[in-house]
Amino acid sequence: MSTLPQPEASDVIRSTRLAFVGPFTELRVEVFGVEEMQRDIMTDGEGNFAFPLIGNVVAAGKTPVVIAEEIRTKLAGKYIRDPRVTVNFKAPTSAALAFQSMAVSVDGEVKKSGSYPVVGRMTLMRAVALAGGITEYAKLDDVVVFRNVGKQQYVGIYNLGAIRRGNYEDPEIFPNDVVVVGDSPQRRQFKDILATTPAFLSPLILLAREF
């Protein structure tokens, strides 16, 4: 096997990851007790929206809870003494819900570990770039992708340097994948599986376990 198998639709649906706001996402924003600040909005093509008194709100890649806290902070004191703000997804269609739940986790020796929304086609190099790129001493030859497909977990081992040189294609990354760059506690759980030659000429694809 030279490539990781693609996840099935059910793998995304049963994900328990947080839902993120993206472009053209419908939200219900409410500031308790302030009628003119209870409204339905839709984010623009970049995932932003305008809100009274505070102007532009950058929402893309954030959860509704994070957005509510940002709005509360901007309103507090200056405009409203003790605002109570809630932000929720409007009753989403199945397509919108699938979009909101699309996220990939990037961990290890990157500058900003975390979960990032998958918008459009995502590749391994782009996922690492979203996490701020690698740290100064990260190992380019030791990048691991964990993916659950059906009742099996697969591991793909990649070499970023080899991808940059064009030795093989930059692999596509799917929602719910976990990307680990270099060393991390999560990676050490699979130390026996990953005790192999770095993937200089081609990626190494292994079956980690069956559920």
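As shown above, the structure is provided for reference.
Basis of the calculations
One numbering rule holds for all chains: residues counted from 1, following each sequence as written. This being a predicted model, a pLDDT of at least 70 is required before a residue's local features are given, and a value of 80 or more before pairs of side-chain atoms are given or counted; all residues contribute to the totals for chains, interfaces and linings. Excluded from the side-chain calculations are hydrogens and water; all other atoms, namely the structure's heavy atoms, are used. Helix and strand definitions follow DSSP, with helices as H or I runs of at least four residues and strands as E runs of at least two, each counted in order from the N terminus. Expected span of a helix, by definition, is 1.5 Å for each gap between consecutive residues, and there is one gap fewer than residues. Remark: exposure states derive from per-residue accessible area (1.4 Å probe, protein chains only) relative to the maximum for the residue type, with buried under 20%, exposed over 50%, and partly exposed in between. This arc describes the spread of directions from the helix axis toward the C-beta atoms. The criterion used for residue contact is that any of the two residues' heavy atoms lie within 4.5 Å. Note on pairing: DSSP must find at least two bridges between two strands before they are called paired. For helices, the fitted axis covers only the stretch in contact; all axes are lines through C-alpha atoms, and the angles between them, taken along N-to-C directions, range from 0 to 180 degrees. Put simply, a salt bridge is a Lys or Arg side-chain nitrogen that is within 4 Å of an Asp or Glu carboxyl oxygen.

A. Expanded view of helix α2 (residues 64-75). For α2, with 12 residues, the first-to-last C-alpha span of 17 Å sits near the 16 Å given by 1.5 Å per residue. Along α2, the residues that are buried comprise Pro-64, Ile-67, Ala-68, Ile-71 and Leu-75. Buried residues in α2, looked at end-on, bunch into an arc of 100°, giving them a common side. Lining the buried residues of α2 we find β1 (26-31), β3 (48-51), β4 (55-58) and β5 (85-89). Of the residues flanking the end of α2, it is Gly-77, one or two places downstream, whose phi is positive at about 80°.

B. Summary view of the sheet that holds β1. What the three strands build is an open sheet, ordered β2-β1-β5; its pairing is antiparallel. If you trace the sheet from one side to the other, it starts and ends with β2 (38-42) and β5, each paired once. Strand after strand, the sheet turns through a mean of 20° between neighbouring axes, direction not considered. Bridge count for β1 against β2 is five bridges, and the pairing is antiparallel. Directly across from Glu-26, in β2, lies its bridge partner Met-42. Where α2 meets the sheet, its contacts fall on β1 and β5, and the angle it forms with β5 comes to roughly 150°.

C. Layout of the pattern of salt bridges. A complete count under the given rule lists eight salt bridges for this structure. Its salt-bridge partner being Arg-121, residue Glu-169 comes within 3.8 Å of it at the nearest N-O pair. In this pair, Glu-169 sits in the loop between α5 (160-165) and β11 (172-173) while Arg-121 sits in the loop between β7 (114-117) and β8 (122-123), placing the two residues 48 residues apart along the sequence. The closest approach of N and O atoms between Glu-172 and Arg-121, which form a salt bridge, is 3.8 Å. Taken together, the residues Glu-172 in strand β11 and Arg-121 in the loop between β7 and β8 connect sequence positions 51 residues apart. Residues participating in the shared-partner salt-bridge network are Arg-28, Glu-30, Asp-40 and Lys-90.

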